[in-house]
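So the chains spell out like this:
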Amino acid sequence: MAIANQNLKYLRKLRGWTQEEFANKIGIKRSLVGAYEEERAEPNYDVLETVSDLFKVTIDDLLRKDLSETKGSYLAKRRQLKMMAETNVIHFVPVKAAAGYLNGYADPEFLDELNTFTLPMLTSGTYRAFEIVGDSMLPTPSGSVIVGEKVHDLEEVKNNQAYIVVSKSEGVVYKRILKSNRSKNKLTLVSDNPAYQPYQVNAEDVLECWSAQLVISKVAQGQRWDVTNLASLVSNLQDQVNNLKKKMN
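Residues numbered from 1 in each chain as written. Predicted model: local features only at pLDDT ≥ 70, side-chain atom pairs only at ≥ 80, totals over all residues. Heavy atoms only, no water.

**Quick notes on the nonpolar core**
Argument step 1. Judged by nonpolar contacts, the single largest core of 21 residues is most densely connected at L11, F22, I26, I28, V51, F55 and L62.
Argument step 2. Within the residue set of this core, elements represented by two or more residues are helix 1 (2–15), helix 2 (19–26), helix 3 (30–37), helix 4 (45–55) and helix 5 (59–64).
Argument step 3. Not counting residues within four places of it along the chain, the set of residues in contact with I26 comprises V47, T50, V51 and L54.
Argument step 4. With 14 residues, the next largest nonpolar core counts V93, Y101, I146 and A162 among its residues. (Core = buried A, V, L, I, M, F, W, Y, C linked by side-chain atoms within 4.5 Å. Buried < 20%, exposed > 50% of the residue type's maximum accessible area, 1.4 Å probe, protein only. Helix = DSSP H or I, 4+ residues; strand = E, 2+ residues; numbered from the N terminus. Contact = heavy atoms within 4.5 Å.)

Structure follows, in structure tokens:
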């Protein structure tokens, strides 16, 4: 299996990914990527199948062929990989479609009715865009579009990071997530605007979770943020988060 281990390392470096980024792409822990590359462990079939789909190479080639010896220069190989990679088609969920999205989020026919777009700066993955309204996540303005990458397991959620959360109880919301070691079956959703109180949702009620990657918003016209007010807002938010952490621990 040494050839497969070497090929995984070669393909990762060909894309310019760190071990952490590569691990996220194929759904394993970073430490396992290190173990593969140092030949302390052998990649199982599921990993090989995922890598095969991601890089558009056969499993047989991964197991038997030294891909680093493929004919052509390094830059030519990088260009070829980019050409082979599927374009990330992003479905856009406007506010008016948010209610219907709860029923149709897994329905291909519903998704086909949504507008789509692509962004060149995103790596391969599953993305979706959601329009948000309201001032609960200021300074992100109402009407912004949040592009999120699919989180396949809530265990992967990172504490205090921003996510689009789709749940049975709250619908589609854009919040930061706080996790508690004592209440693993609940997620605390926190707004960036301290005027809004945090609240909890049951993990079992969460239908989808998307890690915020990009914010698309219109250029602000006229009004500018007052630095003093902004500093006060950040300070209040930090106090609120610290108080929450004390309660949760």
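**Considering the layout of surface pockets**
A water-sized probe rolled over the atoms picks out the places where empty space is left.
Argument step 1. Roughly 1300 Å³ of volume is contained in the largest pocket.
Argument step 2. Taken together, 41 residues form the lining of the largest pocket, with N24, K25, S124, E149 and K150 sitting closest to its centre.
Argument step 3. Elements with a contribution of two residues or more to the lining of the largest pocket: helix 2, helix 4, strand 3 (127–131), strand 4 (145–150), strand 5 (161–167) and strand 9 (206–216).
Argument step 4. Of the residues forming the lining of the largest pocket, the biggest block, six residues, is contributed by helix 2.
Argument step 5. Classifying every residue of the lining of the largest pocket by side-chain character gives 15 nonpolar, 13 polar and 13 charged. (1 Å grid on protein atoms, 1.4 Å probe; cavity = no way out; pocket = protein on both sides within 12 Å on 5 of 7 lines; lining within 4 Å. Points joined across faces, edges and corners; volume = space filled by probe spheres on them. Nonpolar A, V, L, I, M, F, W, Y, C, P; charged D, E, K, R; others polar.)

**A word on the packing of helix 2 against helix 4**
Argument step 1. For the pair helix 2 and helix 4, interaxial distance at closest approach is 10 Å and the crossing angle is 100 degrees. Viewed along their axes, helix 2 and helix 4 adopt a mutual orientation that is roughly perpendicular. Note on element contacts: helix 4 touches helix 2 through V47, T50, V51, L54 and F55, opposite F22, K25 and I26.
Argument step 2. Of the residues assigned to the contact of helix 2 with helix 4, the class counts are six nonpolar, one polar and one charged. (Axes fitted to C-alpha atoms, helices over the stretch in contact; angles between N-to-C directions. Parallel < 35°, antiparallel > 145°, perpendicular 65-115°, else oblique.)

**Digging into the pairing of strand 3**
Argument step 1. The element strand 3 is extensively covered by neighbouring structure, given that four of its five residues are classed as buried.
Argument step 2. With three bridges connecting them, strand 1 (residues 90–93) and strand 3 associate as parallel partners. By the bridge assignment for strand 3, V93 is matched with F130.
Argument step 3. Summarising the sheet, strand 3 and strand 4 pair through five bridges and their orientation is antiparallel. Bridge pairing links F130 to I146 in strand 4. (Pairing = 2+ DSSP bridges.)

Scope: geometric values only; no functional claims are made or implied.
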